[in-house]
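Examining the three-dimensional arrangement
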Amino acid sequence: MRRTTFKILGTGFAGIGIAGAFLPILPSTIFFILAAACFARSSPELEKRLLNHPVFGPPVIAWREHGAIPVKIKMVAFAGMVFGYAVFYLTVNPGLWLALLVAVFMTGSAIYVLSRPSGPDNDGSNCPE
């Protein structure tokens, strides 16, 4: 039962990751990281396929081995957060407290992403983009 649950979760996360590869606001890498973690507990074959994928595998490996986010992905994530907040603010027209709460959450998320190393030597030279 446990393996089946992780396999279903991994498949769902991979599906969301694929959608995120095509939708500008939805991230993909985090969902592939989650999918790989689920597949590691349920299906080594699917985990291997994900890690060997030429596009989606390298960022997952960089995260696993070094907790690294390549500079290019950091910039895309940051731009997505700014764009997402702008869309939220302009379409929802939130009150002051909600706008501040979401801004604090987005700022914290941006600080976390930008503070991660970019690669093994922290300049991204050994980390695939």
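Everything that follows concerns the structure shown earlier in this document.
Here we summarise the structure given alongside this text.

How each quantity is defined
Residues numbered from 1 in each chain as written. Predicted model: local features only at pLDDT ≥ 70, side-chain atom pairs only at ≥ 80, totals over all residues. Heavy atoms only, no water. Phe/Tyr/Trp six-rings, centres within 6.5 Å; stacked < 30°, edge-to-face > 60°. Helix = DSSP H or I, 4+ residues; strand = E, 2+ residues; numbered from the N terminus. Expected span 1.5 Å × (residues − 1). Buried < 20%, exposed > 50% of the residue type's maximum accessible area, 1.4 Å probe, protein only. Arc of directions from axis to C-beta. Contact = heavy atoms within 4.5 Å. Patch = residues over 30% accessible without salt bridge, like charges linked within 9 Å, V, L, I, M, F, W, Y side chains within 5 Å. Areas by Shrake-Rupley, 256 points an atom, 1.4 Å probe, with all protein chains shown as cover. Salt bridge = Lys/Arg side-chain N within 4 Å of Asp/Glu carboxyl O. Polar contact = N/O pair within 3.5 Å; in protein donor to acceptor, adjacent residues only side chain to side chain. Core = buried A, V, L, I, M, F, W, Y, C linked by side-chain atoms within 4.5 Å. Axes fitted to C-alpha atoms, helices over the stretch in contact; angles between N-to-C directions. Parallel < 35°, antiparallel > 145°, perpendicular 65-115°, else oblique. Nonpolar A, V, L, I, M, F, W, Y, C, P; charged D, E, K, R; others polar.

1. Considerations on the packing of aromatic side chains
Summed over all chains, the structure comprises 4 aromatic pairs. Grouping aromatic residues by their ring pairs yields a cluster made of Tyr 85, Phe 88 and Tyr 89.

2. Brief notes about helix α1 (residues 2-22)
Residues lying three or four places apart along an α-helix face the same way, a consequence of the helix completing one turn every 3.6 residues. For α1, with 21 residues, the first-to-last C-alpha span of 31 Å sits near the 30 Å given by 1.5 Å per residue. Along α1, the positions that sit buried rather than exposed are Gly 10, Ala 14, Gly 17 and Gly 20. The buried side chains of α1 occupy one side of the element, clustering within an arc of 115° when seen end-on. Facing away from the buried side of α1, by more than 90 degrees, are the exposed residues Ile 8 and Phe 22. Taken together, the buried residues of α1 touch α2 (29-42).

3. A word on unusual backbone geometry
The phi dihedral of Asn 93 falls on the positive side, at around 50°, and the residue is not glycine. Its place among the elements puts Asn 93 in the loop between α5 (71-92) and α6 (96-115).

4. Focus: a nonpolar patch on the surface
Among the surface-exposed residues, Val 71, Met 75, Phe 78, Val 82 and Leu 114 lie close enough to one another that they form a single nonpolar patch of about 400 Å² accessible area. With respect to the helices and strands, the residue Val 82 is situated in helix α5. Judged by relative accessible area, which is 47%, Val 82 ranks as partly exposed.

5. Details of the side chain of Ser 118
One can find Ser 118 in the segment after α6. Residue classification places Ser 118 among the buried residues on the basis of a relative accessible area of 5%. At a separation of 3.1 Å, a polar atom in the side chain of Ser 118 contacts the side chain of Lys 74.

6. Comments concerning the nonpolar core
Generally speaking, soluble globular proteins have nonpolar side chains that are buried together. The biggest cluster of nonpolar side chains holds 10 residues, and these are Ala 14, Phe 32, Ile 33, Ala 35, Ala 36, Phe 39, Leu 50, Leu 51, Phe 56 and Val 60. Looking at this core, the elements that each hand over two or more residues are α2 and α3 (44-51). Per-element accounting of this core gives the leading share, 5 residues, to α2. What Leu 50 contacts, discounting residues up to four positions off in sequence, is Phe 32, Ala 35, Ala 36, Phe 39, Phe 56 and Gly 57.

7. Points about the pattern of salt bridges
Any two side chains of opposite charge can pair, on the condition that their charged atoms come close. Applying the stated criterion across every chain, the model contains 1 salt bridge. Its salt-bridge partner being Arg 64, residue Glu 47 comes within 2.8 Å of it at the nearest N-O pair. Taken together, the positions of Glu 47 in helix α3 and Arg 64 in helix α4 (residues 57-66) put the pair 17 residues apart, joining distant regions of the chain.

8. Side note on the packing of α2 against α4
Put simply, α2 and α4 touch, their axes get as near as 9 Å, and they point 70° apart. Between α2 and α4, the angle falls in the class roughly perpendicular. Contacts between α2 and α4 involve Thr 29, Phe 32, Ile 33, Ala 36, Ala 37 and Ala 40 on the former and, on the latter, Pro 59, Val 60, Trp 63 and Arg 64. Looking at the contact of α2 with α4 residue by residue, the classes come out as 8 nonpolar, 1 polar and 1 charged.

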